[in-house]
Amino acid sequence: MNGVCGSFSIFSSAHYLLTNDPDYLWTAMAFPLAGLMFDFLDGKVARWRKSSSMLGQELDSLADLISFGVAPALLAFIVGLRTYLDTVILTGFICCGLARLARFNATVALVPKNEEGKAKYFEGLPIPSSLALVSVLSYWAKKGWIEGQQGIPLGTMTLWGVEGGRGEVHIVSLVFGCWAAAMVSKTLRVPKI
């Protein structure tokens, strides 16, 4: 269901781009949160049943990539992070989420566990934390700070070439770049709650 929610978010984003109907925008922003609830339930049920498998672990990671990697990056695009460099950064964000999930699956057995068998910490920022970025995008949408309305806060800067060219980037795209770096960090340890 987590993957279903992420997929619906992506399609709602596409509908928003086609129709400019704000209902699709709000729907696209709500589905990743619903995906998080299903992600929590999945883990709870697996621990309750004392049952897990490699297939379940991989499916969980793939669903997380859709709901907390691809869907938030597409949301950032539809609200206005659309320059060439914005899309490079958003692609990096997705790929860092992918790398983070793959590393987690490969190293989860090496991370110290608590009494319940859960890892004590995340190595790097967990990918569901991208919902914080989605909440910022939601706030911007509420305030009208999106493409087609008041525009993205802080505007753009041109790193090379002419304004409006391939060297232009929205300053807030750098937040997605920093978030991506935090996801793949080997030194950042986030305690599990």
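Within an unreviewed UniProt entry, the label attached to the chain reads CDP-diacylglycerol--serine O-phosphatidyltransferase, and the organism entered is Gymnopilus junonius. According to the UniProt record, the Subcellular location (unreviewed entry) comment for the chain is "Endoplasmic reticulum membrane".

(A) Structural view of a nonpolar patch on the surface. A cluster of nonpolar side chains, M1, V4, F8, F38 and L41, forms an exposed patch at the surface whose accessible area comes to about 480 Å². Within the secondary structure, F8 is located in helix 1 (residues 2-19). Assessed through its relative accessible area of 45%, F8 is described here as partly exposed.

(B) Local environment of the side chain of D64. Within the secondary structure, D64 is located in helix 3 (residues 54-79). Buried charge without a partner: D64 forms no salt bridge, and the closest opposite charge is R100, 8.2 Å away. Reaching out from D64, the side chain makes a polar contact with the side chain of N2 at a distance of 2.8 Å. Setting aside its immediate chain neighbours within four residues, D64 contacts N2, D39, G69, L101 and I127.

(C) Focus on the UniProt feature "transmembrane region" (unreviewed entry) in the chain. Here the UniProt-annotated "transmembrane region" (unreviewed entry) positions come out as residues 24-41 and 62-81. Within residues 24-41, the helical portion is 100% and the strand portion 0%, while the C-alpha atoms at the span's ends are 26 Å from each other.

(D) Structural context of the state of the cysteines. This model, assessed by the stated rule, comprises zero disulfides. The thiol sulfur of C95 is not disulfide-bonded, and the nearest other cysteine sulfur, from C96, lies at 7.2 Å. Under the relative-accessibility criterion, C95 is labelled partly exposed at 45%. Left without a disulfide partner, C178 is nearest to the cysteine sulfur of C96, which lies 11 Å away. The class of C178 is exposed, set by a relative accessible area of 55%.

(E) Spotlight on helix 4 (residues 84-107). In a regular helix each residue adds 1.5 Å, so 24 residues correspond to 34 Å; helix 4 covers 34 Å between its end C-alpha atoms and thus fits that length. In this structure, the buried residues of helix 4 make contact with helix 3, strand 1 (121-123), helix 5 (131-143), strand 3 (168-170) and helix 6 (173-184).

(F) Local environment of helix 6. With twelve residues, helix 6 ought to run about 16 Å at 1.5 Å a step, and its terminal C-alpha atoms sit 17 Å apart, in line with that. Of the residues making up helix 6, those classed as buried are S173, F176, A180, A182 and M183. Looking at the packing, one finds that the buried side of helix 6 touches helix 3, helix 4, strand 1, helix 5 and strand 3.

(G) How the structure looks around the nonpolar core. Counting 35 residues, the largest nonpolar core has L25, M29, L75, V79, L137 and F176 as the members making the most contacts within it. For this core, the secondary-structure elements that each account for two or more residues are helix 2 (22-49), helix 3, helix 4, helix 5 and helix 6. In this view, L25 contacts Y16, L75, I78, V79, A141 and I146; residues no more than four positions away in its chain are not counted.

(H) Structural context of unusual backbone geometry. Of note in this structure, N20 is not a glycine but carries a positive phi near 65°. Structurally, the position occupied by N20 is in the loop between helix 1 and helix 2. One non-glycine residue, L154, adopts positive backbone phi at about 75°.

(I) Main features of the environment of F122. Inspection of the secondary structure assignment puts F122 in strand 1. Considered as a pair, F122 and R100 are 22 residues apart in the sequence and their alpha carbons are 10.0 Å apart. Discounting chain neighbours no more than four positions away, the residues touching F122 are R100, F104, L188, R189, V190 and K192.

(J) Molecular detail of the pattern of salt bridges. For the structure shown, the criterion picks out two salt bridges. With a closest N to O distance of 3.4 Å, E123 and R103 form a salt bridge. Of this pair, E123 sits in strand 1 while R103 sits in helix 4; the two residues are 20 residues apart in sequence, bridging distant segments of the chain. Here E123 ties to K186 by a salt bridge, and the two come within 3.5 Å at their closest N and O atoms. Of this pair, E123 sits in strand 1 while K186 sits in the loop between helix 6 and strand 4 (189-191), and the two are 63 residues apart along the sequence. Look at E123 and you get buried, because its relative accessible area is 16%. On the basis of relative accessibility, which here comes to 54%, the residue K186 falls in the exposed class. A network of salt bridges, in which partner residues are shared, links R103, E123 and K186.

Calculation rules
Residues numbered from 1 in each chain as written. Predicted model: local features only at pLDDT ≥ 70, side-chain atom pairs only at ≥ 80, totals over all residues. Heavy atoms only, no water. UniProt positions renumbered as here; feature names shortened; annotations may be inferred. Patch = residues over 30% accessible without salt bridge, like charges linked within 9 Å, V, L, I, M, F, W, Y side chains within 5 Å. Areas by Shrake-Rupley, 256 points an atom, 1.4 Å probe, with all protein chains shown as cover. Salt bridge = Lys/Arg side-chain N within 4 Å of Asp/Glu carboxyl O. Helix = DSSP H or I, 4+ residues; strand = E, 2+ residues; numbered from the N terminus. Buried < 20%, exposed > 50% of the residue type's maximum accessible area, 1.4 Å probe, protein only. Lys, Arg positive; Asp, Glu negative; His and termini not counted. Polar contact = N/O pair within 3.5 Å; in protein donor to acceptor, adjacent residues only side chain to side chain. Contact = heavy atoms within 4.5 Å. Disulfide = S-S within 2.5 Å. Expected span 1.5 Å × (residues − 1). Core = buried A, V, L, I, M, F, W, Y, C linked by side-chain atoms within 4.5 Å.

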